[in-house]
Amino acid sequence: MSLRPRAVVVHRRSEYDEMVMRHSTHQHAAFFLEGRGRTINELVARHGVGEEALTQVGAAIPADWRRADVERSDLHRFAFAAEDIVLVVGQDGLVANVAKYLSGQPVIGINPDPVRNPGVLVQHPAESTTALLASVESGNCTFERRTMVTATADDGQKLHAVNEVYFGHRSHQSARYRIELPDGSSEHHSSSGLLAGTGTGSTGWLRSVWEERGHPLTLPTPTAPDLCWFAREAWPSAATGTSLTAGAIPAGSSLRVRAESDELVCFGDGIESDSLRVTWGQTLVITTASQTLNLVTT
């Protein structure tokens, strides 16, 4: 008998849950907010919307399937299996959070609150879960294969991201490093960090840097195999330059960064708790990942 799929439901604690955890009870949380001219009702309402979506998704999972539930903070401890079908219920960023731990499993993004969530990666309403699971199991679904980025240190440390990787000082103060571009040109930098990412990331953090700077670089599309990068607030000095602060990383090429200060880190998609540690003299290579985020569209 063939093994039935496992549905893995990924979610994140609501703002209401976090507020109650911080203040111990609903009443204490409400009192805290009222003292600042706010009300807890908005958080309760958004919590209810999310809980309703999770209930709908759970009810849509076939009874004979295996099931697992994972909260965002536990992702780094969870072992995904090849036969998993991943259902991400929440904001677009939650899909990016889970993508780095996957190896090609289909991902269904469920948007519990279309009024607040753009739906770039969580593209489906909860009520479509039954049909989507059936299409994935039958092999009749359509995928959008989104490019990912990989950062690899010379000691073997590696991480993947669907939006971007950040390289810099762990406290976000100035980081010193030498950058080498795909064409062989190089420059020493002192900056508040380096961002390198994908077309998906070009709708978020990367785009904010690109727009603020007004750079003529054409950003990649979500499924394009190339990447882009930006140095943040590079500082000109006798030892560091500012002429190479943005560019493209064509498919098959890489961006090389050599650390020239200690306590540097590299993390992906905003998860600072899961990062690579890079010390003076080490080299980090940033390139297009061999794997993709397999986002179920229909």
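Computed from a predicted structure; not experimentally measured.

**Thoughts on the sheet that holds strand E7 (residues 164-169)**
- With respect to topology, 6 strands assemble into an open sheet ordered E12-E11-E10-E7-E14-E15, the strand pairing being antiparallel. On the outer flanks of this sheet lie strand E12 (246-249) and strand E15 (275-278), each paired with one strand and no other. In this sheet, adjacent strand axes meet at a mean angle of 15 degrees when their direction is disregarded.
- Both E7 and strand E14 (residues 264-268) contribute to a ladder of 5 bridges, which runs antiparallel. The partner of Tyr 166 across the bridge, within E14, is Phe 267.
- Helix H6 (residues 205-213) contacts E7, strand E10 (194-197), strand E11 (227-231) and E12 of the sheet and is inclined by roughly 60 degrees relative to E11.

**What to know about the packing of aromatic side chains**
- By the definition in use, this model includes 4 aromatic pairs.
- Measuring from ring centre to ring centre gives 4.8 Å for Phe 78 and Phe 80, while their planes differ by 75 degrees; the resulting arrangement is edge-to-face.
- Relative accessible area serves as the criterion here: at 15%, Phe 80 is assigned to the buried category.
- Summarising the aromatic geometry, the rings of Phe 167 and Tyr 177 are spaced 5.8 Å apart at their centres and angled 80 degrees between planes, so their arrangement reads as edge-to-face. Residue Phe 167 is located in strand E7, and its partner Tyr 177 is located in strand E8 (residues 175-180); the two are separated by 10 residues in the primary sequence. For the pair Phe 167 and Tyr 177, a shared accessibility class is recorded, and that class is buried.
- Cluster of aromatic residues (ring-pair linked, three or more members): Tyr 166, Trp 205 and Phe 267.

Reading the values: rules and limits
- Residues numbered from 1 in each chain as written.
- Predicted model: local features only at pLDDT ≥ 70, side-chain atom pairs only at ≥ 80, totals over all residues.
- Heavy atoms only, no water.
- Pairing = 2+ DSSP bridges.
- Helix = DSSP H or I, 4+ residues; strand = E, 2+ residues; numbered from the N terminus.
- Axes fitted to C-alpha atoms, helices over the stretch in contact; angles between N-to-C directions.
- Contact = heavy atoms within 4.5 Å.
- Phe/Tyr/Trp six-rings, centres within 6.5 Å; stacked < 30°, edge-to-face > 60°.
- Buried < 20%, exposed > 50% of the residue type's maximum accessible area, 1.4 Å probe, protein only.

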